[in-house]
Amino acid sequence: MNATPAVADDLIVIGKIYSVHGVRGEVKVYSFTDPTENLLQYKTWTLKREGNVKQVELVSGRGSDKFLVAKLKGLDDREEARLLAGYEICVPRNLFPELTDGEYYWYQLEGLKVIDQLGQLLGKVDHLLETGANDVMVVKPCAGSLDDRERLLPYTGQCVLAVDLAAGEMKVDWDADF
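Residues numbered from 1 in each chain as written. Predicted model: local features only at pLDDT ≥ 70, side-chain atom pairs only at ≥ 80, totals over all residues. Heavy atoms only, no water.

## What about the overall build of the chain?
And step 1. Within the chain, the secondary structure is distributed over two helices and 12 strands.
And step 2. Going from the N terminus to the C terminus, the chain shows its helices and strands as β-β-β-β-β-α-β-α-β-β-β-β-β-β.
And step 3. Viewed in the frame of its principal axes, the chain has a C-alpha envelope of about 60 × 35 × 30 Å.
And step 4. Every one of the 178 residues in the chain was classed for burial, and the buried ones make up 34%.
And step 5. Expressed as a percentage of contacts within the chain between residues at least 6 apart in sequence, the contacts between residues at least 24 apart total 49%.
And step 6. Accessible area for the chain stands at about 10,300 Å²; split by element, carbon and sulfur atoms hold 48% of it.
And step 7. Here the chain contributes 20 positively and 29 negatively charged side chains, and the mean placements of these two sets differ by 9 Å. (Helix = DSSP H or I, 4+ residues; strand = E, 2+ residues; numbered from the N terminus. Buried < 20%, exposed > 50% of the residue type's maximum accessible area, 1.4 Å probe, protein only. Contact = heavy atoms within 4.5 Å. Areas by Shrake-Rupley, 256 points an atom, 1.4 Å probe, with all protein chains shown as cover. Lys, Arg positive; Asp, Glu negative; His and termini not counted. Charge placed at Lys NZ, Arg CZ, Asp CG, Glu CD.)

## Some words on the environment of Met 170
And step 1. If you trace the backbone, Met 170 turns up in strand β12 (residues 169-172).
And step 2. Using a relative accessible area of 0% as the deciding quantity, one classes Met 170 as buried.
And step 3. C-alpha separation for the pair Met 170 and Gly 86, spaced 84 residues apart in sequence, amounts to 33 Å.
And step 4. Leave out the neighbours within four places in its chain, and Met 170 touches Leu 109, Leu 112, Lys 113, Val 114, Ile 115, Val 125, Met 137, Val 160, Ala 162 and Val 163.

## Examining unusual backbone geometry
And step 1. That bond from Asp 34 to Pro 35 is cis: its omega, 0°, falls within 30 degrees of zero.
And step 2. Secondary-structure assignment places Pro 35 in the loop between β2 (26-31) and β3 (44-49).
And step 3. Of note in the backbone geometry, Glu 50 takes a positive phi value of approximately 45° without being a glycine.
And step 4. Its relative accessible area of 77% is what places Glu 50 among the exposed residues.

## Let's talk about the pairing of β3
And step 1. In this sheet, strand β4 (residues 52-63) lies alongside β3 in antiparallel orientation, the contact comprising six bridges. Paired with Arg 49 across the two strands is Asn 52, which belongs to β4.
And step 2. The antiparallel pairing of β3 with β4 creates a hairpin that spans two residues between the two strands, and Glu 50 there sits at a positive phi of about 45°.
And step 3. Pairing of β3 with strand β6 (residues 88-92), which is carried by three bridges, proceeds in the antiparallel orientation. Across the sheet, Lys 48 pairs through a bridge with Glu 88, a residue of β6. (Pairing = 2+ DSSP bridges.)

## Focus: the sheet that holds strand β9 (residues 135-140)
And step 1. Pairing within the open sheet is mixed, and its six strands lie in the order β10-β9-β8-β7-β12-β11. The strands lining the two open edges of the sheet, one partner per strand, are β10 (151-154) and β11 (160-164). Neighbour-to-neighbour, the strand axes of the sheet open up by a mean angle of 35°, direction not taken into account.
And step 2. The pairing of β11 with β12 spans four bridges and is classified as antiparallel. Considered in β12, the bridge of Asp 164 is made with Glu 169. (Axes fitted to C-alpha atoms, helices over the stretch in contact; angles between N-to-C directions.)

## Quick look at the sheet that holds β4
And step 1. Strand order in this closed barrel of six strands is β1-β2-β5-β4-β3-β6, and the pairing throughout is antiparallel. With strand direction ignored, the average angle separating the axes of adjacent strands in the sheet is 50°.
And step 2. Sheet analysis places strand β1 (residues 11-21) next to β2, joined by six bridges and oriented antiparallel. Considered in β2, the bridge of Ile 17 is made with Val 29.

## Comments concerning the nonpolar core
And step 1. Of all hydrophobic cores here, the largest spans 23 residues; its most connected members are Val 27, Val 29, Leu 39, Trp 45, Leu 47, Leu 72 and Ile 89.
And step 2. Elements that contribute at least two residues to this core include exactly β1, β2, β3, β4, β5 (68-72) and β6.
And step 3. Examining the composition of this core, we find that four residues originate from one element, β1, more than from any other.
And step 4. Those residues in contact with Val 27, other than ones at most four positions away along the chain, are Ile 17, Ser 19, Val 20, His 21, Leu 68, Val 69, Ala 70, Leu 72, Leu 75 and Ala 81. (Core = buried A, V, L, I, M, F, W, Y, C linked by side-chain atoms within 4.5 Å.)

## Notes on the environment of Leu 128
And step 1. Structurally, Leu 128 can be placed in strand β8 (residues 121-130).
And step 2. Along the backbone, Leu 128 and Asp 77 are 51 residues apart, and their C-alpha atoms lie at a distance of 36 Å.
And step 3. Apart from the residues lying within four places of it in its own chain, the contact partners of Leu 128 are Trp 106, Leu 109, Glu 110, Val 136 and Met 137.

Worth remembering: the numbers are spatial, not functional.
Structure representation (structure tokens):
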């Protein structure tokens, strides 16, 4: 395992190691990619936890019903693998596939100001949730926002009217019938 990570500002979290698997040093991974197996396409991972950063190389991986199992280069001991539990798996954003117009990665939406159809600032996108039916944006109040309410807004065409990454904002119709 190499201790030289990529530039931290360029890294996007795509999963998390949460446990060991078996006795040969494999780890159980929760994937934040969709589909979950896409995480296994990235062969070099930067692991981060509480200020600790490590570079590792994925040798192999496979899916399970509830998690992924990954084999990392140079990791052959169960107890050594256990020490990686809790590390976030990150990759440089420039490795992500290009999206078509109107498609966005979650990390691109996080931090955007959310403005309603009347021009009122509702807050900023704190994070998104996957609900099954559609993704949901968690909008938290910020300086200058309409009020101190946290809002859950569906990430749908009915609600999201426009996204302007350059301006750092999104226009929404939050009174729409969802």
